[in-house]
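Given next are the chains, with one letter for each unit.
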Amino acid sequence: MADWSTAGDNSDFNKTIDEIYQRFDDQNPGVDLQVEGTPDMQAYVTKLLLSHVAGTAPDVMRLDASSAAVFINNDVLRDLSPYIKADKDFSLDDYFSNVVDITRRGGAVYGIPVGFTPMVLYYNKDLFDAAGVPYPDGTWTYAQFLDAAKKLTKGDVYGFEFSNWMAMWILFLWNNGGDVLSPDGTRATGYLDSQQNVDAVQFIDDMVNKYHVAPTQSQTAALGVNLFATGKAAMKIVGHWEMVDYAKPASQIKIDRIGVCAPPSNLAKPVTVMYESGLAIMKNCKHPDLAWRLIKYLCGYKVQHVYNATGIEVCGLKQVAAEAGGSVATEPSEINRVVPPLLEQDFVSIVPSARPPWGAKVERFNLVEPIMQKMMDRVLYQDVSPKVALHDAAEEIDVEMTKP
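Residues numbered from 1 in each chain as written. Predicted model: local features only at pLDDT ≥ 70, side-chain atom pairs only at ≥ 80, totals over all residues. Heavy atoms only, no water.

(A) Spatial organisation of the overall build of the protein chain. From N to C terminus, the protein chain includes 17 helices and 12 strands. Principal-axis analysis of the C-alpha atoms places the extent of the protein chain at approximately 65 × 55 × 40 Å. Across the 404 residues in the protein chain, those meeting the buried criterion constitute 54%. In the protein chain, the proportion of contacts linking residues at least 24 apart, taken out of those at least 6 apart, comes to 76%. Of the roughly 17700 Å² of accessible surface on the protein chain, a fraction of 52% belongs to carbon and sulfur atoms. For the protein chain, the distance from the average site of its 35 positive side-chain charges to the average site of its 51 negative ones is 2 Å. (Helix = DSSP H or I, 4+ residues; strand = E, 2+ residues; numbered from the N terminus. Buried < 20%, exposed > 50% of the residue type's maximum accessible area, 1.4 Å probe, protein only. Contact = heavy atoms within 4.5 Å. Areas by Shrake-Rupley, 256 points an atom, 1.4 Å probe, with all protein chains shown as cover. Lys, Arg positive; Asp, Glu negative; His and termini not counted. Charge placed at Lys NZ, Arg CZ, Asp CG, Glu CD.)

Below you can see the structure in the form of structure tokens.
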């Protein structure tokens, strides 16, 4: 199996993962599960595509929503619907339908969800209490968000931790009525350079360079790589995986003092992006029946009951997600979930407003993301106007999208 993770430390999380893999070996005598990790996502995608061409591809791969289209559109994966139909012990109805839909193409299904996360607004309750600012509730406009960030910015503590990773700020475009590409995903001009996006990027620029409620790159480097985790930022947009670090004994912020809600929005209802990790069988798989057995094992209730307790993501299985949120009783277990049930409920409540990343449908979107990062750097650190930077980025994206 190929994964984008790599050998980690001796943390409880990594111990859990190792035990899950070892248990599969134990339950299948004569089988040796080898997990090949590639920590860089772009390198991972390239490596898997090249291995397919060379005939050396693994049997199973971890499929990320942000690059799903690359593998599905290039016929690198097997349609799993025949396995699903033939397996009386497996039902897609047990999984969140909008998560399954990320890798569904008509009647074909190319990945089974392991877990997923909507990108949400994290907030530090202690910093909000100290500043006398009411907690966000998922209904804030950009103006309300900025007003709170100003009140929360004191000394070396910022109201908001901004990171130039597109997954963390595309929401500001969406929630101002803008987008990156045309609805059919074929071009950026006329969409990325819209006035809605100009205003949204100007809002981000103002937070950093006018109101100073979000740090610059150099300020972030001086204070530490994760300001929210060290109590140096009151708010941050990120996914569920952060919970693994916050659950560690050495964490400077405790999970029970964290809140999450939908991002700020100038729309009638906020929208967010949802990233999913699933498992797929590669086209040239040498052991397809065993590959399906592994997927069923890793995506099944017993394993997910253990895996989900680590806090890494929301479980793709509706029953496990409901148990984690405390809305249904769980089976007797000695497993300690690191995320409080009410906090997990807040994550799940945001799921209906989540949409897949562009990379789930547009094959070349991996080429778009670095262009967008460069665009934002030009605005924040090179004093280029949002209108000019977005126009230039849109033209550059269209060139990349039309290359043979």
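(B) Looking closely at helix H8 (residues 166-174). Within H8, 9 of the 9 residues are buried, which leaves the element mostly enclosed by the surrounding structure. Every buried residue of H8 is listed here: Met166, Ala167, Met168, Trp169, Ile170, Leu171, Phe172, Leu173 and Trp174. Those residues of H8 hidden inside the fold are in contact with helix H7 (142-152), helix H9 (195-210), strand S8 (235-238), strand S10 (272-281), strand S12 (354-355) and helix H16 (365-381).

(C) Fine view of the sheet that holds S8. With antiparallel pairing, 3 strands are arranged side by side in an open sheet as S8-S7-S9. The open sheet has two edge strands, S8 and strand S9 (258-261), and neither has a second partner. Averaged over all adjacent pairs, the angle separating strand axes in this sheet is 30°, with direction ignored. Of the strand pairs in this sheet, strand S7 (residues 120-124) and S8 are connected by 4 bridges, and their pairing is antiparallel. Paired with tyrosine 122 across the strands is lysine 236, a residue of S8. The strands that helix H15 (residues 341-350) touches are S7 and S9; relative to S9, the one it contacts most, it runs at about 15°. (Pairing = 2+ DSSP bridges. Axes fitted to C-alpha atoms, helices over the stretch in contact; angles between N-to-C directions.)

(D) Spotlight on the pairing of S7. Counting buried positions over the 5 residues of S7 gives 5, a clear majority of the element. Of the two faces of S7, the one carrying Val120, Tyr122 and Asn124 and the one carrying Leu121 and Tyr123 are both buried. Bridging between S7 and S9 involves 4 bridges; their strand directions are antiparallel. Each bridged residue has a counterpart across the sheet, and for leucine 121 the counterpart in S9 is cysteine 261.

(E) Structural context of H9. What H9 keeps buried is the set Asn197, Val198, Ala200, Val201, Phe203, Ile204, Asp205, Asp206, Met207 and Val208. Phi for histidine 212, located one or two positions after H9, is positive at around 55°.

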